Amino acid sequence: MTQFPKIALAAALLAGVGTLALPVTADAKKDAKAAGPAYSPEFIKAAGPAQAAIKGTDVAAMETAVSAAEAAAKTDDDRYAAAHMRVQVQQVSLKSNPQADQSVLAPTLQTLVDNPKTPQAEKSQFYFFLGQFADKKRDFPAALRDYQQASALGYNEPQLPLIIAQTKISAGDVAGGTADFARVVDTAEAAGKPAPEAYYRFALAQNVNTRNKAGSVEWLGRLIAAYPTSKNWHDVLTIYGLQQGSVATPDRGQTIDLFRLMRQTKSLDQYGYEEYGDKVIKVGLPDEARTVIAEGRAAGKIPAGSGNATAIAADAAKGIQSEGSLAPLDARARSGATGSLAAQTADAYLGKGEHAKAIELYRVALGKGGVKVDDVNLHLGIALALSGDKAGAKTAFGAVSGPINADIAHFWTLSLDHPATA
């Protein structure tokens, strides 16, 4: 699991627990009353030597004096002050040994958060530290409880909502943690700036790992909308439907439409170019195969010695030679009783890059009927997008409702609003 940075504890702890000024004058009872806290005379008597020891460097003397003060404590104020002194002794030890386990502070901090005299601001901070200690020990339910207490008491740490979301997931509540995580991202986006890219990838990973298809598609789209790089377009489309165990299982035609979007977003690698070329050859679109392989070579993505690319290019050349002109098919498609031939001919025009003719025949096919409407609308949207008609493409994509086709149409629509960056 991706782990986001935890707050550095040492400096925060050493700065966060200050020294208390205790009444240790001769008229101790009067001073204690004037100061407000209800210190017992026994504790005041023991606190003086403890405070003096803490100002020195003898750790053994500090330990003895503070232990005596703890033993003398009778009121909540006594125990609060004694715990502060205990933390100061522990801090001295941590300063001298930076590699020491800071969770030695946990029992003392727990004493402080349980004490009704501890101010809320301190409690919120101490709960956060306790959460960090539990988190480090992988006691995620305890860490979550302490983080949530820190949040409820108003602890001012910008990463706390994110840490709570991550800890909730680690504790087993993936749905709840992911929902919290989404709120963190929503807050950042509402402020006019996307959250860090790692946040989107983290939320995406949770949905993919739990096989939540709807959530996966949502976060794939959110990643692209926030960071539409060619690399991210490649990753998003691969995760969605172009790898083993992908979010969806597209058929061959749908896979081609994903490769077409990779081509449009300049996110094809050697495998993508060659697999794309192979698939369009198999569905009878040799012009598209030839163009794709040529583009891959020109872009330096397909090495000159690639046997696969050479074979695909050779098959494409043969197919183009035997295919001949589309004019006779075009005429038959327009006079046909159904739109089936019109849709097939439009696909051929799309493969040739003749988008205007493809658009016209897709509309003929829809008008005649007898076709898979979702497939035709998806391809009509692609042709319109590639022709530069952004509004028309969005309308066509919006008419697609099939489960996988609708997702592909969604990604194509995103590409219109968030074209790939380098």
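Residue indices follow the written sequence of each chain, beginning from 1 at its first position. Local features in a predicted model are, by the rule used here, given only for residues with pLDDT of at least 70; side-chain atom pairs are given and counted only at 80 or more, and totals for whole chains, interfaces and linings are based on all residues. Only hydrogens and water are set aside; all other atoms, that is, all heavy atoms of the structure, feed into the side-chain values.

A few words now on the overall build of the protein chain. Comment: elements are numbered from the N terminus, with helices defined as DSSP H or I runs of at least four residues and strands as E runs of at least two. Counting its regular elements, the protein chain contains 23 helices and zero strands. With C-alpha atoms as the basis for the radius of gyration, the globule rule is written as 2.2 Å multiplied by the number of residues raised to the power 0.38. Whereas a compact globule of 422 residues would reach a radius of gyration of roughly 22 Å, the protein chain reaches 34 Å, over 25% beyond that. For the protein chain, the spread of C-alpha atoms along the principal axes amounts to about 115 × 45 × 30 Å. Only protein chains enter the accessibility calculation, which uses a 1.4 Å probe; a residue is then buried when its area is under 20% of its type maximum, exposed when over 50%, and partly exposed in between. The buried share of the protein chain, reckoned over its 422 residues, is 49%. Only the protein chains shown count as cover for residues, and the accessible areas themselves come from Shrake-Rupley with a 1.4 Å probe. Of the roughly 19,600 Å² of accessible surface on the protein chain, a fraction of 55% belongs to carbon and sulfur atoms.

What follows is about the environment of asparagine 308. The residue asparagine 308 is located in helix α17 (residues 307-323) in this model. The exposed category is assigned to asparagine 308, whose relative accessible area is 51%.

As a further point, take the nonpolar core. Burial of nonpolar side chains together is a common tendency in soluble globular proteins. Phe181, Leu237, Tyr240, Tyr362, Phe397 and Phe411 are the most contacted members of the largest nonpolar core, which has 76 residues in total. Should any heavy atoms of two residues lie within 4.5 Å, those residues are considered in contact. The residues touching phenylalanine 397, leaving out its near neighbours within four places in the chain, are Leu378, Gly381, Ile382, Ala385, Ala409, Trp412, Thr413 and Leu416. With 25 residues, the next largest nonpolar core counts Tyr80, Leu94, Phe128 and Phe129 among its residues. By nonpolar core is meant a set of buried Ala, Val, Leu, Ile, Met, Phe, Trp, Tyr and Cys residues that side-chain atoms within 4.5 Å join together.

What follows is about the packing of aromatic side chains. In summary, the pairing rule links any two rings of Phe, Tyr or Trp, Trp by its six-membered ring, whose centres are within 6.5 Å, and it sorts them by plane angle into stacked for under 30 degrees, edge-to-face for over 60 and tilted for everything else. The tally for this structure, following the rule as stated, stands at eleven aromatic pairs. The interplanar angle of 70° and the centroid separation of 5.2 Å between the aromatic rings of tyrosine 240 and phenylalanine 411 together place this pair among those described as edge-to-face. Placement of the pair is tyrosine 240 in helix α13 (residues 230-241) and phenylalanine 411 in helix α23 (residues 403-417), with a sequence separation of 171 residues. Judged on exposure class, the residue tyrosine 240 and its partner phenylalanine 411 are both buried. We call a charge positioned over a ring when the NZ of a Lys or the CZ of an Arg lies within 6 Å of the ring centre and within 35 degrees of the ring normal. Against the face of tryptophan 219 rests arginine 222, its NZ or CZ located 4.6 Å from the ring centre.

Here helix α5 (residues 76-96) spans 31 Å end to end across 21 residues, near enough to the 30 Å set by a 1.5 Å rise per residue. With 15 of its 21 residues buried, α5 lies for the most part within the structure. A helix's residues, less one, multiplied by 1.5 Å, set its expected span.

Packing of helix α12 (residues 213-226) against α23 brings their axes to within 10 Å, and their N-to-C directions diverge by 15°. On the basis of the axis angle, α12 is roughly parallel to α23. Crossing of α12 against α23: the hand is right-handed. For the pair formed by α12 and α23, the contact residues are Lys213, Val217, Leu220, Gly221 and Ile224 on the first element and Pro403, Asp407, His410, Phe411 and Leu414 on the second. Only the stretch in contact is used when fitting a helix axis, every axis being a line fitted to C-alpha atoms; angles between N-to-C directions are given from 0 to 180 degrees. Each angle is binned into one of four classes, with values under 35 degrees roughly parallel, values over 145 roughly antiparallel, values of 65 to 115 roughly perpendicular, and all other values oblique. Crossing handedness: left-handed means the near helix sits turned counterclockwise from the far one by under a right angle, and right-handed means the same turn made clockwise.

Turning next to the pattern of salt bridges. Should a side-chain nitrogen of Lys or Arg be within 4 Å of a carboxyl oxygen of Asp or Glu, the pair is scored as a salt bridge. In this structure the tally under the stated criterion is 27 salt bridges. Note that glutamate 275 and lysine 279 form a salt bridge whose closest N and O atoms lie 2.5 Å from each other. A residue pair is termed a helical-turn pair when its members lie 3 or 4 positions apart in one helix, as glutamate 275 and lysine 279 do in helix α15 (residues 270-282) at four residues. For the salt bridge of glutamate 323 with lysine 352, the shortest nitrogen-to-oxygen distance reads 3.6 Å. Linking glutamate 323 in helix α17 with lysine 352 in helix α19 (residues 340-352), this pair joins segments that are 29 residues apart in sequence. Look at glutamate 323 and you get partly exposed, because its relative accessible area is 28%. Taking relative accessible area as the criterion, lysine 352 reaches 31% and is therefore assigned partly exposed. Linked by salt bridges that have partners in common, Asp186, Glu189, Glu218 and Arg222 make up one network.

This next bit is on unusual backbone geometry. A positive phi angle is found at arginine 138, which is not glycine, with a value near 65°. What makes arginine 138 exposed here is its relative accessible area of 63%. Residue arginine 211 is not a glycine yet carries a positive backbone phi of 60°. By the secondary structure assignment, arginine 211 is in the loop between α11 (197-209) and α12. Among the residues examined, arginine 211 registers a relative accessible area of 55% and is labelled exposed.

Helix α9 (residues 160-170) sits mainly inside the fold: nine of its eleven residues count as buried. Among the residues making up α9, those that are buried are Leu160, Leu162, Ile163, Ile164, Ala165, Gln166, Thr167, Lys168 and Ile169. Check the buried side of α9 and you find it contacts α7 (120-136), α8 (140-152), α10 (174-190) and α11. Positive phi shows up at glycine 172, right after α9, with a value of about 110°.

So, on to the side chain of lysine 168. The topology assignment puts lysine 168 in helix α9. A distance of 2.7 Å separates polar atoms of two side chains, one belonging to lysine 168 and the other to aspartate 180. For lysine 168, the contacting residues outside a window of four places in its chain are Leu144, Gln148, Asp173, Gly176, Gly177 and Asp180. In the analysis that follows, any N or O atom pair within 3.5 Å is treated as a polar contact, provided that within protein one partner can donate a hydrogen and the other can accept it, and provided that, for residues neighboring in sequence, both atoms belong to side chains.

Before going further, it helps to examine the packing of α5 against helix α6 (residues 106-114). Here α5 crosses α6 at 155°, and the two axes come no closer than 10 Å. The angle between α5 and α6 places the two elements in the roughly antiparallel class. Here α5 and α6 pass one another in a crossing that is left-handed. Residue-level inspection shows Tyr80, Ala83, His84, Arg86, Val87 and Gln90 of α5 in contact with α6, the latter providing Thr108, Leu109, Thr111 and Leu112. For the contact of α5 with α6, a count of residues per class yields five nonpolar, four polar and one charged. Polar here means any residue other than Ala, Val, Leu, Ile, Met, Phe, Trp, Tyr, Cys and Pro, which are nonpolar, and Asp, Glu, Lys and Arg, which are charged; Gly is therefore polar.

It is worth spelling out the side chain of aspartate 330 at this point. Checked against the element boundaries, aspartate 330 lands in helix α18 (residues 327-335). Setting aside residues up to four positions removed in sequence, aspartate 330 forms contacts with Thr345, Tyr349 and Leu361.

Moving on, we come to the environment of leucine 341. As for its position among the elements, leucine 341 is in helix α19. Sequence separation of leucine 341 and leucine 361 is 20 residues, and the distance between their C-alpha atoms is 9.2 Å. If near-sequence neighbours (up to four positions away) are discounted, leucine 341 is found in contact with Leu329, Arg332 and Ala333.

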